[in-house]
Every structure is written in C-alpha cells, then in structure tokens.
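Summary of the model geometry
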Amino acid sequence: MTQSKNFFPISPLYFPLMLFLRFPLQFQSSPSLIPIFQIAFPFNFVYRYFTFNSHSAKQFFSSRRVYDCNVRIRELSRAGNIEAARQLFDNMPTPDMVSWNSIITAYWKNGCLHESKKLFNLMPARNILSWNSMIAGCVENGSVDEAFEYFKAMPERNTESYNAMISGFVRWERIDEAGMLFQEMPRKNVISYTAMIDGYLKTGEVEKARDLFDGMQRRNSVSWTVMISGYVDNGKFAEARDLYLRMPNKNVVAMTAMITAHSKEGRVEDARVLFDGTRYKDLVCWNAMITGYAQNGIGEEALKLCSEMVKLGIQPDNLTLVSVFTACSGLASVKEGRQMHVFVIKNGFELDSSLCNSLITMYNRCGSIGDAEQAFRQMNGAGLVSWNTIISSFAQHGLYEKAVDFFNQMEEVGIKPDGVTFLSLLSACGHAGKVKESMDFFDLMVRKYGIYPRPEHYFCLVDILSRAGQLEKASKIIQEMPFEADAGVWGALLAACSVYLNVELGELAAKRIAEWNAHNSGAYVVLSNIYAAAGMWDKVTRVRLQMKEQGVKKQCAYSWMEIGNKVHHFLGGDISHPDTVRIYSEIKSISLQMKALVTISETDLVWSGFG
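Scope of this entry: the structure provided in the associated data block. (Residues numbered from 1 in each chain as written. Predicted model: local features only at pLDDT ≥ 70, side-chain atom pairs only at ≥ 80, totals over all residues. Heavy atoms only, no water.)

**Considerations on the overall build of the protein**
Across its full length, the protein carries 35 helices and 2 strands. Burial statistics for the protein: of 611 residues in total, 41% are counted as buried. Look at the contacts in the protein between residues 6 or more apart in sequence, and 54% of them connect residues 24 or more apart. (Helix = DSSP H or I, 4+ residues; strand = E, 2+ residues; numbered from the N terminus. Buried < 20%, exposed > 50% of the residue type's maximum accessible area, 1.4 Å probe, protein only. Contact = heavy atoms within 4.5 Å.)

**What to know about unusual backbone geometry**
Although it is not a glycine, A332 adopts a positive phi angle of roughly 55°. By secondary structure assignment, the location of A332 is in the loop between helix 21 (318–331) and helix 22 (334–346). Although it is not a glycine, L501 adopts a positive phi angle of roughly 50°. Along the polypeptide, L501 turns up in the loop between helix 31 (487–500) and helix 32 (503–516). On the accessibility criterion, L501 (41% relative accessible area) is partly exposed.

**Things to note about the pattern of salt bridges**
The final tally for this structure, using the stated rule, is 26 salt bridges. Salt-bridge contacts for K118 lead to E115; the nearest nitrogen and oxygen are separated by 3.6 Å. Of the two residues, K118 and E115 are both situated in helix 8 (residues 113–122); the distance of 3 residues between them amounts to about one turn of the helix. K402 serves as the salt-bridge partner of E373, at 3.0 Å between the closest nitrogen and oxygen. Residue E373 is located in helix 24 (residues 369–377), and its partner K402 is located in helix 26 (residues 400–412); the two are separated by 29 residues in the primary sequence. Residue E373 is classed as buried on the basis of its relative accessible area, which comes to 14%. For K402, a relative accessible area of 31% translates into the label partly exposed. Several salt bridges converge on common partners, so that one network encompasses R86, D90, E115 and K118. (Salt bridge = Lys/Arg side-chain N within 4 Å of Asp/Glu carboxyl O.)

**Topic: the packing of helix 29 (residues 455–467) against helix 30 (residues 471–480)**
At a closest axis distance of 8 Å, the pairing of helix 29 and helix 30 adopts a crossing angle of 165°. Comparing the axis directions of helix 29 and helix 30 gives the class roughly antiparallel. In this structure, the crossing between helix 29 and helix 30 has a hand that is left-handed. In this structure, helix 29 contributes Y458, L461, V462, L465 and S466 to the contact, and helix 30 contributes L471, K473, A474, I477 and I478. Grouping the constituent residues of the contact of helix 29 with helix 30 by class yields 8 nonpolar, 1 polar and 1 charged. (Axes fitted to C-alpha atoms, helices over the stretch in contact; angles between N-to-C directions. Parallel < 35°, antiparallel > 145°, perpendicular 65-115°, else oblique. Left-handed = near helix turned anticlockwise from the far one by under 90°. Nonpolar A, V, L, I, M, F, W, Y, C, P; charged D, E, K, R; others polar.)

**Focus: the packing of aromatic side chains**
Two numbers describe a pair of aromatic rings. These are the distance of the centres and the angle of the planes. A full pass over the atoms with the stated rule returns 20 aromatic pairs. For the pair F151 and Y162, a centre-to-centre distance of 5.2 Å together with 80° between the ring planes defines the contact as edge-to-face. With a gap of 11 residues between them, F151 in helix 10 (residues 144–153) and Y162 in helix 11 (residues 159–171) connect regions that are remote in the sequence. Residues F151 and Y162 agree in their burial class; the two are buried. Connected via pairs of aromatic rings, a cluster forms that spans F148, F151, Y162 and F169. One residue, K188, lies across the ring of F182, its end atom 5.1 Å from the ring centre. (Phe/Tyr/Trp six-rings, centres within 6.5 Å; stacked < 30°, edge-to-face > 60°. Lys NZ or Arg CZ within 6 Å of the ring centre and 35° of its normal.)

**Points about helix 26**
Over its 13 residues, helix 26 runs 19 Å from end to end, which matches the ideal 18 Å to within 8%, given 1.5 Å per residue. In this fold, the buried residues of helix 26 make contact with helix 24, helix 25 (384–396), helix 27 (419–432) and helix 28 (435–447). One or two steps after helix 26, the chain reaches G414, where phi turns positive at roughly 90°. (Expected span 1.5 Å × (residues − 1).)

**Concerning the nonpolar core**
Ranked by size, the top nonpolar core spans 163 residues in total, and within it I103, I166, I197, I228 and F441 carry the most contacts. Setting aside residues no more than four positions away along its own chain, I166 makes contact with A178, L181, F182, M185, A195 and M196. (Core = buried A, V, L, I, M, F, W, Y, C linked by side-chain atoms within 4.5 Å.)

**Section: helix 17 (residues 252–264)**
Along its 13 residues, helix 17 runs 18 Å from first to last C-alpha, staying within 8% of the 18 Å computed at 1.5 Å per residue. For helix 17, the full list of buried residues reads A254, M255, T256, A257, M258, I259, A261, H262 and S263. Against helix 15 (221–233), helix 16 (237–246), helix 18 (268–276) and helix 19 (283–295) lie the buried residues of helix 17. Looking one or two residues past helix 17, G266 carries a phi angle of roughly 85°, positive in sign.

**Here we look at the side chain of N101**
Among the secondary structure elements, N101 is positioned in helix 7 (residues 97–109). A relative accessible area of 11% means that N101 is categorised as buried. At 3.3 Å, the side chain of N101 forms a polar contact with the side chain of N127. Beyond its immediate stretch of four places on either side in the chain, N101 contacts M123, N127, L129 and S130. (Polar contact = N/O pair within 3.5 Å; in protein donor to acceptor, adjacent residues only side chain to side chain.)

**Brief notes about the environment of P155**
Counting through the fold element by element, P155 comes out in the loop between helix 10 and helix 11. The exposure class of P155 is exposed, given its relative accessible area of 68%. Taking the C-alpha atoms as reference, P155 lies 9.3 Å from N127; in sequence the two are 28 residues apart.

Nothing here speaks to function; it is all geometry.
See below:
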C-alpha cells in the first residue's frame, strides 16, 4: 500500500515529533537523523500537521505542560519554596490529579497541614493517592486522630493506606490500635509486618515482635535490621548476635546495630573488628564506633577515630560532636575540647540543646567553669536540661551563689524545676556548708513543686547535716525516710562519724553498709579508723580479721593527668609507668625542697623571737 508523499498517519511520526519538540535546533541542523526512523519528510510538515490538527496540538502541548509543571512543583517543594510551588499550581489552566496531589503533599511536607486540608476539600475528584497523602500528612504533623478520620472516610483502601495508618500509630506509640488495624488488613505485605514488629519492639514486647518476624513469609533487609536493632535497644545482645549471624545479606545498618550492641556490652574490641570489616561505612556507622569508645571511657581512641573520619572527608554531625565532647570530658582534656569547639564554630554547626549541654559538661569536667557559663549564654531558648546542666556545673565547683542565682533566673523565665534541679542545689549547699538553706530547698521542692524526694535527695541532706556535725539529726532523717536507706546514705553518715568520732553511730552505719555489700572495703577501713582514733585497738584488730575472713581487700586509688596529647594514669604503688624512675626522682627533689622551706620558715620563726 502506497501513501501520499504529503500525508503521514500519527503513529510513525510519534518519535520524530518527540525528538523535534525536544531538540528543535539539533534536528533542523542534522537532517541525517531522519534515516534513523526511515521516514523522509520536510520539517515544515510538523508545523503544517499541527495547523491542520489544532485539537491534537493543543492536547499534546497541554499534557506536556502539565507534566513539566508537576515535576517543577515537586522540585520547589523539596527546596522548601512552597510559595513558588503554589503560584505555579494556580497558574496552571487545567491541573490534573497529579498536580493536586503534588501541591497537597508539598504543603504538609513543609509544615502547612491546614493548607493541605483546604486544597483536599477543593479537589474536583480524588483518588487513593490523595487520601493516602492526607493520612501521611496528618501523621507527619502529629495529628494521628485526624489521620484515622481520613482513613475511615476513604471510599476504598489499598495496602498502602493500611501501612500508612499502622506506621502512624506505631510512630506515636499507639501500638494497640496499630495491632487491631493490622489484624483487620485484608492483604499484608513486608512493610505491614515490619511496621508492627518495630512497634512491638519500641514498647518492649520483644516476644510478640519475634513471633511476627518468624511468621513472615518473605523478609527484606529492613525487616532483619529492625529486629536486630530492636534486640539491641532492649538489651538482648545475645539474641541480636544470633539473628545477625543468620541474616543472609548483611548491610551497614545491621552491622552498625551490632557495633552498638558490642559497645553496650563493653566488648569494644569486638565492635572495632566489626567496624573495620564494614566495607562501606556511613556516618551513622562512624558515630556508633566513636560513641562506643566515648561511653566505655576510651576517649583517646574516640578522638583518634574522629580525626581519621574527618581526614577521609566525612563531615561529622551533631551526634559525632556530642560523643567527642563526652570523650574530652572523660579525659578532662580541655585542649582537644576547645579545638572541637572551634571546629563547631568555624563549620557553622547548629548549637542545638544536646550539643550545647555536652559542651557545658565538657568545660565543667575540665575545670573551665567560665567557658561552661559562656557556652550556656550562647544558647537560644535554653530548656530544662540545659538549666540543670549549668546549675549542676556551678554546684560541682562549689559556686553556691552562682547556682542559686541561675536557679532564680530559671524560675523567672518560666522553666519549672525538677528533681535534678534540686539535687544540684542541695549539692551546692553541701559544698558551701549551707545547712539551713538545704532544708529550705528540700521543703520548697516538696511543698511548692510537689516533687517526690528520691534517695539521692535524702543522701545530700544527710551528707550536709553529717558534715555540719548534726549526726543525730542526720540519723533521724535516715530512720524516717519513706524507703530503706541504701549504702550511699549510710556511707555519708559513716564518713562524718569518722570526723566527729561517733563510735555508736559509726558501728550502726558500717553494719548497714555491710548488709548491702559485704565486700565493701571502704566501710571496714573507715570503721577501723574510728576505732583507732578512739583508742579501741582490740576492735581495730577484729575489723581487720573480719576483712581477711571475708576476703575483702582495700582498693587502690589512682589518678591521671594529660601531658601533651597523651593521658597518663597513676596507681598507688604502681611502678609500671615507663618514666617511673624520673617521676620518683622528681618527687624526691620536690619533697626535699619543701622540707628545706619548712626548715627555713622554722629558723626565721626562732630568730624572730629574739627581735
């Protein structure tokens, strides 16, 4: 069948037309492209075709224009430019269903759920995606009940509708409702099961989660990872390890979960082996290992690993920095802490509450309380935890006036104190010997703020009274406590009995401590010292025999200091340090100099008597 040279049906022209509309200049300058489609026609045909078929032309250009607008709306939404996205939508002559769904989703993703609701109500027609978008938007913005109303109002639902609603209930810890909806689902898929497993794990219902996991006909890597991470979060490390070994295709998320598990168990070496064996490490994986080192008191390695990460071009985030500041706190290394603080400022990190709190804690533990206060003052809108952190810092440094002043400021800005706040205030009172003030704060905590005192509060109160020599009053408070006093409370009283030589209360306190922990060497040693000070040598001998019979050994104290970039640890009587000879030589030299100064002072005092 032959065709007229000037007539072509639309089907053979579809691809040439699309190329011409996409690349008009290239097409006109490259007629050699035509043989690719084995079609010979003059390019002015395109214009003649659309001239004689105006309806098809309008339809084609209209569809193409709508598609481009829809793509652009999504791009503007991702960039956070919701005003431009709306303007583009409003200027569309005939927005289609995708256009409506795109702008509705754009609004709730940018925190404007109310606008999404308005547009949803204005839609000329809706499909399942429209309803699913509204469910997801309500969940994302914390309106779970509204999400469920949309779900119930749907004319028809698909699996994604159920999954969105179940995930919403799980996210906001409404697990029972999620479970009922899961049971009602006509067709469940791997996402449905994984969402419910995650929900049960979040509420500690590990057995229910495992039953669902074992009942899955098909699992993906997310299912395995959620179950393993859930075991880790619930402290079931052995189960996590067993499941990890069974996982067919291990990914970086599962490996990171196991690094966290090993670190929480104190098995940092095993965590490092797994970390080194992870081929493609992401930032979360690096953070897990750095945090593991920091939380296990291996600060040097945490700092080294962070430095290595930065050298590889991986930008740390706030979690990394919090872990690094924690490591610096453990090492009391203010030099590295300040360097990281400078890094934070130079790289424009947002000083959120967790980062600022770790910064304050780091400076506090390194003894730079002025820097800690400065870090607090740089915060915008400090919350309760931040106020507690700075008040606690002042208390630990014995700055009673500062602690009380900041407490008053905290009340003025409308932040309600909690038990931690008053614990810090009582600690500050203890350092300053403020007996009356401590009783006033205790009373304020109970009467004004209705905070139920915990053992730590009683410990502080007993300690303050004991240090002030009010041992009988301290003992009375212990007896009147609403719960049994622990070894810490009795320990405070025992220490004071050693100072004020109260043998009777000292014996009582030591006896109570032994009931809590028969191998506590401190109680035996302090009681022995009380007897010795009172000249009761027979009882000193008896205590030492008891220690021997119980197999109790006196614990050695140790200290540490940072020199250069290295932390040196010192144990009483230990000679393992490589510079032991030089250290003892220097100590002897200092001791001789001190003795010489004492001798000179005594001589001066003697001669002054003849003046």
